[in-house]
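Summary of the model geometry
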Amino acid sequence: YEARFPGDRVGAFERQVLSFARWVAQDPPDAVVLEVGIGGRLDSTRAWPCGLAGLTSVDLEHTALLGPTRLDIALEKAQAAPSGGVLLLGALPAELQRRVIGACEVWGIHAEPVTESAVVREARLDGDQMTAWLSLPQHGLDLGPVRLGLLGLHQAENAATATALALRLCGVRGEEAARRCR
């Protein structure tokens, strides 16, 4: 690798993605869900064939790699979805969401706000327990209360995005979604 790509470094995350790809190739499943490491456009998971991606949130993190502003970071992360793919957008500020959707149109990515399909009605953090009341109005479905394994009120929004992604991945809508999620 070094001889072919001098100066390039393969980190622990890239090695994990490669190891996982080799393991999955032995007995390929119907679908694979991967979490992007840093960014999206240049992330090692981007090499995996993908038609559906989600962008849960945007914080000022990894600014040296992704850019100094939330917009820069959002545009990098949005490119986890390939041209021709679908990007579901989690709870982003309205102006940021508008700008990401505009960029995705140029890139040939269909960007869709999750708030159209999944809503967090309420979320509570009680000590070491996180409970969220999730609703999927597109499917006429109320999932709450749902206990989440991760703490932090932002995890309720992440759960709504993950639920919308799972239903979209399975091609499930309406009453079928309601039956599967109950």
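Residues numbered from 1 in each chain as written. Predicted model: local features only at pLDDT ≥ 70, side-chain atom pairs only at ≥ 80, totals over all residues. Heavy atoms only, no water.

**Some details on unusual backbone geometry**
Positive phi values are uncommon outside glycine, yet His62 reaches one of about 55°. Among the structural elements, His62 can be located in the loop between strand E1 (52-55) and helix H2 (63-66). Accessibility expressed as a relative area gives 40% for His62, which makes it partly exposed. (Helix = DSSP H or I, 4+ residues; strand = E, 2+ residues; numbered from the N terminus. Buried < 20%, exposed > 50% of the residue type's maximum accessible area, 1.4 Å probe, protein only.)

**Notes on the side chain of Gln97**
In this fold, Gln97 is placed in helix H4 (residues 94-107). Taking relative accessible area as the criterion, Gln97 reaches 15% and is therefore assigned buried. Apart from residues no more than four positions distant in its own chain, Gln97 is found in contact with Leu89, Gly90, Leu92 and Pro113. (Contact = heavy atoms within 4.5 Å.)

**As for the side chain of Thr163**
Along the chain, Thr163 turns up in helix H5 (residues 154-170). Using a relative accessible area of 18% as the deciding quantity, one classes Thr163 as buried. Among the polar contacts listed, one links the side chain of Thr163 to the backbone oxygen of Ala159, at a separation of 2.8 Å. Leave out the neighbours within four places in its chain, and Thr163 touches Leu134, Leu136 and Leu143. (Polar contact = N/O pair within 3.5 Å; in protein donor to acceptor, adjacent residues only side chain to side chain.)

**What about the layout of surface pockets?**
Empty space within the largest pocket amounts to approximately 1,100 Å³. Forming the boundary of the largest pocket are 34 residues, of which Leu34, Glu35, Val36, Gly54 and Leu165 lie nearest the centre. Elements with a minimum of two residues in the lining of the largest pocket: E1 and H5. The dominant element in the lining of the largest pocket, judged by the number of residues it contributes, is H5, at 6 residues. Taken together, the residues of the lining of the largest pocket sort by class into 18 nonpolar, 11 polar and 5 charged. Here the second largest pocket is characterised by a volume of approximately 280 Å³. (1 Å grid on protein atoms, 1.4 Å probe; cavity = no way out; pocket = protein on both sides within 12 Å on 5 of 7 lines; lining within 4 Å. Points joined across faces, edges and corners; volume = space filled by probe spheres on them. Nonpolar A, V, L, I, M, F, W, Y, C, P; charged D, E, K, R; others polar.)

**Quick look at the environment of Leu52**
For Leu52, the location among the structural elements is in strand E1. Look at Leu52 and you get partly exposed, because its relative accessible area is 22%. Separated by 113 residues in sequence, Leu52 and Leu165 place their C-alpha atoms 7.7 Å apart. Excluding anything up to four places from it in sequence, Leu52 contacts Val86, Leu88, Leu165, Arg168 and Leu169.

**What to know about a nonpolar patch on the surface**
On the surface, Leu125, Leu151 and Leu153 cluster together into a nonpolar patch covering about 270 Å² of accessible area. Structurally, Leu151 can be placed in the loop between strand E7 (146-148) and H5. Its relative accessible area of 43% is what places Leu151 among the partly exposed residues. (Patch = residues over 30% accessible without salt bridge, like charges linked within 9 Å, V, L, I, M, F, W, Y side chains within 5 Å. Areas by Shrake-Rupley, 256 points an atom, 1.4 Å probe, with all protein chains shown as cover. Salt bridge = Lys/Arg side-chain N within 4 Å of Asp/Glu carboxyl O.)

Any functional reading would require information beyond the geometric quantities listed.
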